[in-house]
Amino acid sequence: MSSAGGARTAQLRELLDDHGLDALIVSAPTNIRYITGFTGSNGTVLIRPDSVQLITDRRYTKWAADEIEAHAPNVDVVIASGNGLKELERLLESAGSIGLEAGHISWTDAESFQSEFGRERVVATTGAIEALREFKTEHEIAQLRAAAEVGDNALTLLIDELRPGLTEVDVARRLAQHMFDIAGAVPSFEIIVASGPNSAKPHHEPTDRVIQAGDLLIIDSGATVNGYRSDMTRSFVFGPPTSQQQEMLDVVLVAQQAGVDAVRPGVGTSEIDSTCRTSITDAGYGEYFTHGTGHGVGLDIHEAPSVSSSSTATLAPGHIVTVEPGVYIPDVGGVRWEDTVAVTTVGAEPLTRSPKQPLITL
Ligand code: ZN
Ligand code: ZN
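What you see is a predicted model; the values in this text were computed from it and never measured.

### Overview of the sheet that holds strand β19 (residues 359–360)
Strand pairing within a sheet occurs via backbone hydrogen bonds; the two strands may be parallel or antiparallel. Across the sheet, 4 strands lie side by side as β7-β8-β11-β19; this open sheet has mixed pairing. At either end of the open sheet lies a strand with only one pairing partner, and these are β7 (192–195) and β19. As judged from the 6 bridges shared by strand β8 (residues 216–221) and strand β11 (residues 232–238), these two strands associate in the antiparallel manner. The partner of Ser221 across the bridge, within β11, is Met232. This element, helix α8 (residues 168–183), spans β7 and β8 of the sheet and lies at about 150° to β7.

Structure (structure tokens):
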């Protein structure tokens with residue numbers, strides 16, 4: 001689990017300095033979890049130069065105390081009534097500029113902070129905690145590795161059961177059940193099972209469509225371990241592939257491998273995208289690769305850095321990214337291969353490791 005411990009206090013103090021703040025009010029649940037380990041639904045974190053406080057309500061007195069003790073013993077718990085605004089007012093009496101997370105706070109809440117503290121004291125910040133979260137510690141990478149392993153093992157069990165006659169929903173349910181049976185884990189996002197022509201839609205949601213011989217099938221899934229998520233896509237074909245299906249499977253596989261091979265510190269994430277895109281374009285399928293190549297993964301399934309033609313990030317140790325090129329041909333079907341990889345000091349460690357063997361024999 002994310003362990004704030006003593007180690008993050010200095011980082012958080014530096015973050016206040018960098019943003020010119022006397023205090024930062026954190027409202028995004030995953031940011032709160034990252035800093036404190038707290039998983040309850042109602043919490044606010046107040047970061048000041050010499051303290052980190054979690055403000056929550058009475059329902060969470062014991063829950064918060066337990067999670068803080070386990071993950072971030074240097075954080076103080078403040079039990080407040082209502083939305084905690086009164087407590088914040090008291091705690092922030094002497095603070096000059098107070099940062100809010102602009103991307104995670106409602107208009108209504110931002111306005112009430114402004115009227116409480118005075119418009120000139122309240123500052124909008126963007127991506128402050130996310131910038132810390134982007135670089136994973138060894139402890140976090142261990143959680144991500146564990147999540148990937150649950151995803152791999154669940155998929156292995158599922159592959160033995162894949163056959164025509166199952167619906168997409170059947171497949172998604174079975175995969176989720178395997179994750180639960182293996183590790184008490186829940187999927188890291190709504191599992192994508194896209195069969196036949198549905199596989200031409202990159203973000204298809206499972207339906208009652210019955211899988212048939214000759215179908216392509218995309219399964220995009222992952223598991224959650226201690227809040228950390230894995231993400232992997234495997235493609236399948238039911239019975240001997242047509243030459244077009246075989247070509248699609250091969251073209252995307254070559255591109256994906258080239259993308260993974262390109263992952264190392266110092267490489268721009270846009271280069272990973274162009275590596276995959278060039279490979280697919282040279283094979284004649286460029287117009288069918290209709291999305292970015294990947295994204296960061298951690299406590300959220302999509303987080304920084306993005307891996308696309310427009311991203312400006314440069315890979316560094318601690319980054320976790322997916323490499324997931326695909327081709328999607330309307331009315332025919334689609335193929336996507338995706339792995340989650342950790343950037344190390346010398347290259348990349350694949351976290352998801354399921355084999356890429358698409359053929360399901362009938
Ligand atoms: Zn995915
Ligand atoms: Zn993904």
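### A word on the coordination of the zinc ion (ligand 2)
Surrounding the zinc ion (ligand 2) are the protein donor atoms Asp231 (OD), His295 (NE2), Glu324 (OE) and Glu338 (OE), which sit 2.1 Å from the metal. The coordination sphere of the zinc ion (ligand 2) comprises 4 donor atoms, whose angles at the metal cover 78 to 151°; the geometry is irregular. Separating the zinc ion (ligand 2) and the zinc ion (ligand 1) is a distance of 3.1 Å, and Asp231 donates to both of them. One end of the pair, His295, is in strand β12 (residues 294–296); the other, Glu338, is in the loop between β16 (333–336) and β17 (339–343), and 43 residues separate them in sequence. Each member of the pair, His295 together with Glu338, is buried.

### Remarks on the sheet that holds strand β2 (residues 43–48)
Taken together, the 6 strands give an open sheet; going across it, the order is β4-β3-β2-β1-β5-β6, and neighbouring strands pair in mixed fashion. Two strands bound the open sheet, and with one partner strand each, they are β4 (76–79) and β6 (122–125). For this sheet, the mean angle separating the axes of adjacent strands, direction not counted, is 25°. Pairing of strand β1 (residues 23–26) with strand β5 (residues 98–101), which is carried by 3 bridges, proceeds in the parallel orientation. Following the sheet pairing, Leu24 is matched in β5 by Gly99. Where helix α2 (residues 29–36) meets the sheet, it contacts β1, β2, β3 (51–56) and β5, and its direction lies at approximately 55° from that of β2.

### Structural notes on the domain arrangement of the chain
Taken as a whole, the chain is organised into domain 1 (3–133) and domain 2 (138–360). Between domain 1 and domain 2, the contact holds 6 residues from the first and 8 residues from the second. Across the domain 1/domain 2 interface, buried area totals approximately 590 Å², and carbon plus sulfur atoms make up 46% of it. Among the residues of domain 1 in contact with domain 2, Thr30, Arg33 and Arg133 are the three that bury the most area, contributing 67% of the side total. Seen at the junction of domain 1 and domain 2, the total is 2 salt bridges. Between Glu303 and Arg133 there is a salt bridge whose closest N-O contact spans 2.8 Å. The tally of links from domain 1 across to domain 2 stands at 4 residue pairs in polar contact (both at pLDDT 80 or more). Ranked by residues supplied to the side of domain 1 that touches domain 2, first place goes to α2 with 3 residues. The class makeup of the residues in the side of domain 1 that touches domain 2 is 1 nonpolar, 2 polar and 3 charged.

Definitions and cut-offs
- Residues numbered from 1 in each chain as written.
- Chains lettered and ligands numbered in written order.
- Predicted model: local features only at pLDDT ≥ 70, side-chain atom pairs only at ≥ 80, totals over all residues.
- Heavy atoms only, no water.
- Pairing = 2+ DSSP bridges.
- Helix = DSSP H or I, 4+ residues; strand = E, 2+ residues; numbered from the N terminus.
- Contact = heavy atoms within 4.5 Å.
- Axes fitted to C-alpha atoms, helices over the stretch in contact; angles between N-to-C directions.
- Donors = N, O, S within 2.8 Å, 3.2 Å for Na, K, Ca; no water.
- Tetrahedral: all angles 85-135°; square planar, octahedral: opposite > 155°, others 65-115°.
- Buried < 20%, exposed > 50% of the residue type's maximum accessible area, 1.4 Å probe, protein only.
- Domains from an automatic or database assignment.
- Buried area = accessible area lost by both parts, 1.4 Å probe.
- Salt bridge = Lys/Arg side-chain N within 4 Å of Asp/Glu carboxyl O.
- Polar contact = N/O pair within 3.5 Å; in protein donor to acceptor, adjacent residues only side chain to side chain.
- Nonpolar A, V, L, I, M, F, W, Y, C, P; charged D, E, K, R; others polar.

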